[in-house]
Amino acid sequence: MIEVALFGAGRIGKIHAANLAAQPGVRFKYVVDVNADAAATLAALHGGTVATVETALADPAVKAVVIASSSDTHADLILLAAAAGKAIFCEKPVDLTVARARACAAAVAAAGVPCMIGFQRRYDPTFAAVKARIAAGEIGTPEMLIVTSRDPGAPPVGYILVSGGIFKDMLIHDFDIFRWILDDEAVSVHATGSCLTDPAIGEAGDLDSTAVTIRTAKGRLCQINTSRRAAYGYDQRFEILGSAGMLQAGNHKPTEVTSHTAVNVSEDKPEHFFLERYRVAYANEMAHFFDAISNGTALRTTVDDGLKALELAEAATTSWREGRVVTL
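None of these values were measured; they are calculated from a predicted model. (Residues numbered from 1 in each chain as written. Predicted model: local features only at pLDDT ≥ 70, side-chain atom pairs only at ≥ 80, totals over all residues. Heavy atoms only, no water.)

Draft legend 1. Quick look at the packing of aromatic side chains. Scanning the model with the defined rule gives eight aromatic pairs in all. Seen in terms of ring centroids, F89 and F289 are 5.7 Å apart; in terms of plane orientation they differ by 65°. Their pairing is edge-to-face. One end of the pair, F89, is in strand β5 (residues 87-91); the other, F289, is in helix α12 (residues 279-295), and 200 residues separate them in sequence. Classification of F289 as buried rests on a relative accessible area of 0%. Ring geometry for F127 against F238: centres 4.8 Å apart, planes inclined by 50°, an arrangement best described as tilted. Highlighted residues: F127 in helix α6 (residues 125-135) and F238 in strand β11 (residues 235-242), separated in sequence by 111 residues. Relative accessible area serves as the criterion here: at 2%, F127 is assigned to the buried category. Residue class for F238 comes out buried when judged on its relative accessible area of 4%. Of the aromatic side chains, those joined through ring pairs into one cluster are F127, Y234, F238, F273, F274 and Y278. Positioned over the ring face of F127 is R277, at 5.1 Å from the centre of the ring. (Phe/Tyr/Trp six-rings, centres within 6.5 Å; stacked < 30°, edge-to-face > 60°. Helix = DSSP H or I, 4+ residues; strand = E, 2+ residues; numbered from the N terminus. Buried < 20%, exposed > 50% of the residue type's maximum accessible area, 1.4 Å probe, protein only. Lys NZ or Arg CZ within 6 Å of the ring centre and 35° of its normal.)

Draft legend 2. Up close: the packing of helix α9 (residues 171-182) against helix α13 (residues 303-322). Interhelical geometry of α9 versus α13 gives an angle of 115° and a closest axis separation of 9 Å. At the point where α9 passes α13, the crossing takes the right-handed sense. Here I172, F175, D176, F178 and R179 of α9 lie close against α13, whose contacting residues are D305, K308, A309, L310, L312, A313 and A316. For the contact of α9 with α13, the per-class residue count stands at eight nonpolar, no polar and four charged. (Axes fitted to C-alpha atoms, helices over the stretch in contact; angles between N-to-C directions. Left-handed = near helix turned anticlockwise from the far one by under 90°. Contact = heavy atoms within 4.5 Å. Nonpolar A, V, L, I, M, F, W, Y, C, P; charged D, E, K, R; others polar.)

Draft legend 3. Just unusual backbone geometry, in detail. Cis geometry is found at the peptide bond from K92 to P93, where omega equals -10°. Mapping P93 onto the fold places it in the loop between β5 and α5 (98-111). For D183, which is not glycine, the phi dihedral falls at a positive 50°. In this fold, D183 is placed in the loop between α9 and β8 (186-194). D183 sits in the exposed class, given a relative accessible area of 56%.

Draft legend 4. Structural detail: the sheet that holds strand β9 (residues 209-216). Across the sheet, which stays open at both edges, the seven strands sit in the order β12-β11-β7-β10-β9-β8-β15 with mixed pairing between neighbours. Looking at which strands have only one partner, the edges of the open sheet turn out to be β12 (245-249) and β15 (326-327). For β8 and β15, the ladder comprises two bridges, and the chain directions are antiparallel. Across the sheet, the residue bridging to V189 is V326, located in β15. Sitting on the sheet, α6 is in contact with β7 (142-150), β11 and β12, with an inclination near 165° to β12. (Pairing = 2+ DSSP bridges.)

Rendered as structure tokens:
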């Protein structure tokens, strides 16, 4: 039995709690959150106990931790969990600064503990199928990746102020997809953006619409376009052009029914937001984490992947602020 401590009882913490509680051979033991009521509610739902950070990490029966707290707490908790010898699952980002993310990667390596970062899109069946078909040679040599990533609406400005900015908060997933799909590293990044959906986001010093161009070590190209507002739902698509063809990964919809009438042809809008779109991916990634702990399976998304994505987010932020191409 693997006993687990969960840090964070908010929106994503609830998703991870349900998924880890569903894993065979796993016991949901502790919930830690600054919001005592939220922690108590989640603990009661899954048979856990509310605890402090110190209590949870000092318990030798706890073999793993799931970090789903606010972004500015991730690095501290990774460092403490690694020092305590716990296996670690942590939501993105590793930290909001590259220096601390590097410190986390070094601490994890020194402790010799598994540390998985929650880039759930790699565990989505549609995206994973595209990756497998690329690997099988279906479209020859990949040459260009186009990523579209649009939220149905922006988060509150209070969240924006502590998020690290759109490149570290929203695009960090797209930077991970870029590295995973092309199996390549960036050598240059050019990012630009605007505030088109809410002036308050601009007043907070951030963007809500961006365009990023990346050139890789192998000369491949990637373009990422993002927006905090898509009136029709959560828009998550990409296409990969290769020497022998192209593969596309489209949106998921609540149903696949298409209506044909004398008035129009219609189908469902995309899933409303990421919790609906990636419900299967979240379950798959948690199953993968505990499989890695139990059976020694290699982690698909490591702390080093989190560091690489953050380095790209930092480069994009610098490119936008300074109006120049950033070389890595």
